Amino acid sequence: KAKAHGKNGYTIFRPEMYKDSSEELFLETQLRKAVEQNEFVLHYQPQVNIHTGEMIGLEALIRWDHPEVGMIPPCKFIPLAEKTGLIVSIGEWVLEEACRQNKEWQEKKILPKVKVSVNLSTQQFIKQDLVDVMKETLKKTNLDPHCLEVEITESMAMDFSRAVKVLNEISELGVSISMDDFGKGYSSLSYLKRFPIHSLKIDKSFVNDILVDENDAKIVGTIIAMAHGLGMKVIAEGVENKEQLQYLKEQNCDQVQGYYFMKPLSPYELEANLDQMIRDFQNKK
Ligand code: C2E
Ligand code: MG
Ligand code: MG
Ligand code: MG
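Remember, predicted model here, so these are calculated numbers, not experimental data.

Visitor: What's the story with the coordination of the magnesium ion (ligand 3) in this structure? I'm lost.
Guide: Ideal values for angles at a metal depend on the geometry: 109.5 degrees with four tetrahedral donors, 90 or 180 degrees with six octahedral donors. At the metal site, the magnesium ion (ligand 3) is ligated by D180 (OD), D181 (OD), E237 (OE) and E237 (OE), and these contacts range over 2.0 to 2.6 Å. For the magnesium ion (ligand 3), all donor residues lie on one chain, and their spacing in sequence is D-D-x55-E. A gap of 4.0 Å separates the magnesium ion (ligand 3) and the magnesium ion (ligand 2), which D180 links by coordinating each metal. One end of the pair, D181, is in strand β6 (residues 176-182); the other, E237, is in the loop between β8 (233-236) and α10 (242-250), with 56 residues separating them in the sequence.

What follows is the structure, encoded as structure tokens:
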């Protein structure tokens with residue numbers, strides 16, 4: 001059955017595929033092949049200082065460049081990669097490639113010294129050697145640890161004492177830590193206080209509704225005030241228009257990321273558009 005879908009790439013990525021175990025198995029085989037043949041690419045989305053318009057970082061976002069299907073977004077394969085454990089080798093590749101690319105851009109003076117943010121998965125986070133892998137990757141790519149950030153999510157902090165230990169070790173490397181999708185999961189404020197987290201990333205679902213839902217607007221304002229009270233910076237994701245940006249600015253948010261500034265770009269697109277982009281950010285802020 002799996003074979004019948006082989007010619008028509010699209011059918012294998014139907015959203016309901018998880019209901020069908022043979023399709024899942026087929027996708028898993030494809031994913032293993034993708035790991036072996038390195039079919040992944042990273043796109044990069046700029047992060048902007050809300051007050052100055054300066055580009056301060058780039059988030060690395062994975063895509064699967066499937067030879068027949070074309071670009072497949074992470075939501076279509078990260079869950080299966082997590083389930084099968086393939087995410088560990090994928091994640092190690094992401095980390096190294098993001099560091100390598102940032103270092104290359106800095107050396108060629110294409111980019112100033114900015115941070116590259118890498119999303120960590122739960123499986124990666126609970127693996128014993130995460131900190132060693134990070135240390136080795138920084139050494140191998142020769143990237144300044146201050147130019148690397150990892151994004152974790154609230155669900156990774158389930159084993160609280162281990163999470164504190166791992167996050168402290170990461171922080172001691174000089175790497176910064178950002179709490180992604182903040183507000184979406186179980187946000188325990190006492191966790192936040194005890195984690196060495198440098199920034200909170202407000203989930204885009206809140207940002208999206210800032211202008212239409214008074215409660216969301218209040219929540220966003222409160223998250224920002226609380227984070228500042230705890231000594232953290234705040235970045236808002238999913239900023240799509242000037243009005244959302246304006247509200248976030250009024251609430252004293254620090255950084256923004258979203259389609260209003262720039263969608264995630266391939267390295268080639270980023271290089272080609274960088275000068276124009278940096279000028280646009282100044283005008284858009
Ligand atoms: P995330 O880390 O929360 O990333 C933000 C997502 O929002 C990205 O989707 C990005 O393209 C999208 N986005 C950015 N600006 C806007 C906007 O203005 N409006 C809207 N509607 N969306 C915006 P993407 O690239 O499809 O990634 C989805 C998720 O996949 C990520 O969410 C992250 O959880 C996961 N992911 C991506 N790359 C990796 C990776 O290398 N490793 C792991 N473990 N997960 C990854
Ligand atoms: Mg992220
Ligand atoms: Mg997010
Ligand atoms: Mg997300």
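Still to come is the rest of the account.
Visitor: Help me out: how do you make sense of the site of ligand 1 in this one?
Guide: Close to ligand 1 lie 21 residues, the nearest being R63, N119, D180, E240 and Y259. Here a nitrogen atom of ligand 1 sits 3.1 Å away from a polar atom, N or O, in the main chain of I62. The contact in question runs from an oxygen atom of ligand 1 to an N or O atom on the side chain of D180, over 2.8 Å. In isolation ligand 1 has 800 Å² of accessible area, and contact with the protein removes 82% of it. If you list the elements that add at least two residues to the shell around ligand 1, you get β2 (55-66) and β6. No other element matches the four residues that β2 contributes to the shell around ligand 1.

Visitor: I'm lost on the pattern of salt bridges in this one. Help?
Guide: Across all of its chains, the model carries 13 salt bridges by this definition. As a salt-bridge pair, R32 and E28 come within 2.8 Å of each other at their nearest N and O atoms. You can see R32 and its partner E28 sitting in helix α1 (residues 21-36), four residues apart, about one turn around the helix. The salt bridge involving K201 is made with E151; its shortest N-O contact spans 2.7 Å. Linking K201 in strand β7 (residues 199-202) with E151 in strand β5 (residues 148-152), this pair joins segments that are 50 residues apart in sequence. In terms of burial, K201 and E151 fall into one category: buried. Members of the salt-bridge network, linked through shared partners, are E97, R100, E104 and K108.

Rules used throughout
Residues numbered from 1 in each chain as written. Chains lettered and ligands numbered in written order. Predicted model: local features only at pLDDT ≥ 70, side-chain atom pairs only at ≥ 80, totals over all residues. Heavy atoms only, no water. Donors = N, O, S within 2.8 Å, 3.2 Å for Na, K, Ca; no water. Helix = DSSP H or I, 4+ residues; strand = E, 2+ residues; numbered from the N terminus. Near = heavy atom within 4 Å. Polar contact = N/O pair within 3.5 Å; in protein donor to acceptor, adjacent residues only side chain to side chain. Areas by Shrake-Rupley, 256 points an atom, 1.4 Å probe, with all protein chains shown as cover. Salt bridge = Lys/Arg side-chain N within 4 Å of Asp/Glu carboxyl O. Buried < 20%, exposed > 50% of the residue type's maximum accessible area, 1.4 Å probe, protein only.

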